[in-house]
Amino acid sequence: MREQSHLQKKLPRDSISKILLGSLYVYGYREGEMLSLTAEECRNLKTMVERLRRLFNEMEEKGGYVLVKEKTQDIAITTYRLDSFSRKKSLSKKERLIERLLAIQGC
């Protein structure tokens, strides 16, 4: 978004940050040529952000998640916790035998 010189002068004078301006641009309610956020809309956004924060904290505590989806279409196939994947189970018998031999030899 380009800024006119009037806005560039007004931002520092009124202590309006570029982050605030970007937030209005992304979350603001469009009324003709204006974008606005009321106090109530700000409270609703804060509630939504708090819910997201709790969700991401929970996901982080569990080690993250994986969503497997179909490549060509937007179809979810399965999901699982990221730290639930066991490398040992994914190896073939031959690969496990090689790993054991290497471990015995100290490699």
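Predicted model, so just to flag it, every value in this text is computed and none were measured.

(A) Looking closely at the pairing of strand E3 (residues 65-69). Looking at chain direction, E3 and strand E4 (residues 76-81) are connected through five bridges and run antiparallel. Bridge pairing links Lys-69 to Ala-76 in E4. Between E3 and E4, which pair antiparallel and follow one another directly, the connecting turn spans six residues.

(B) Geometry of the pattern of salt bridges. What the rule picks out here adds up to four salt bridges. Measuring nitrogen to oxygen at the nearest pair gives 2.6 Å for the salt bridge that ties Arg-53 to Glu-50. Residue Arg-53 and its partner Glu-50 are both found in helix H3 (residues 39-61); the two are separated by three residues, about one turn of the helix. The exposure class of Glu-50 is partly exposed, given its relative accessible area of 30%. Note that Asp-74 and Lys-69 form a salt bridge whose closest N and O atoms lie 3.9 Å from each other. For Asp-74, a relative accessible area of 71% gives the class exposed. Note on Lys-69: relative accessible area 43%, which makes it partly exposed. Among the charged side chains, a salt-bridge network with shared partners connects Glu-50, Arg-53 and Arg-54.

Conventions we followed
- Residues numbered from 1 in each chain as written.
- Predicted model: local features only at pLDDT ≥ 70, side-chain atom pairs only at ≥ 80, totals over all residues.
- Heavy atoms only, no water.
- Pairing = 2+ DSSP bridges.
- Helix = DSSP H or I, 4+ residues; strand = E, 2+ residues; numbered from the N terminus.
- Salt bridge = Lys/Arg side-chain N within 4 Å of Asp/Glu carboxyl O.
- Buried < 20%, exposed > 50% of the residue type's maximum accessible area, 1.4 Å probe, protein only.

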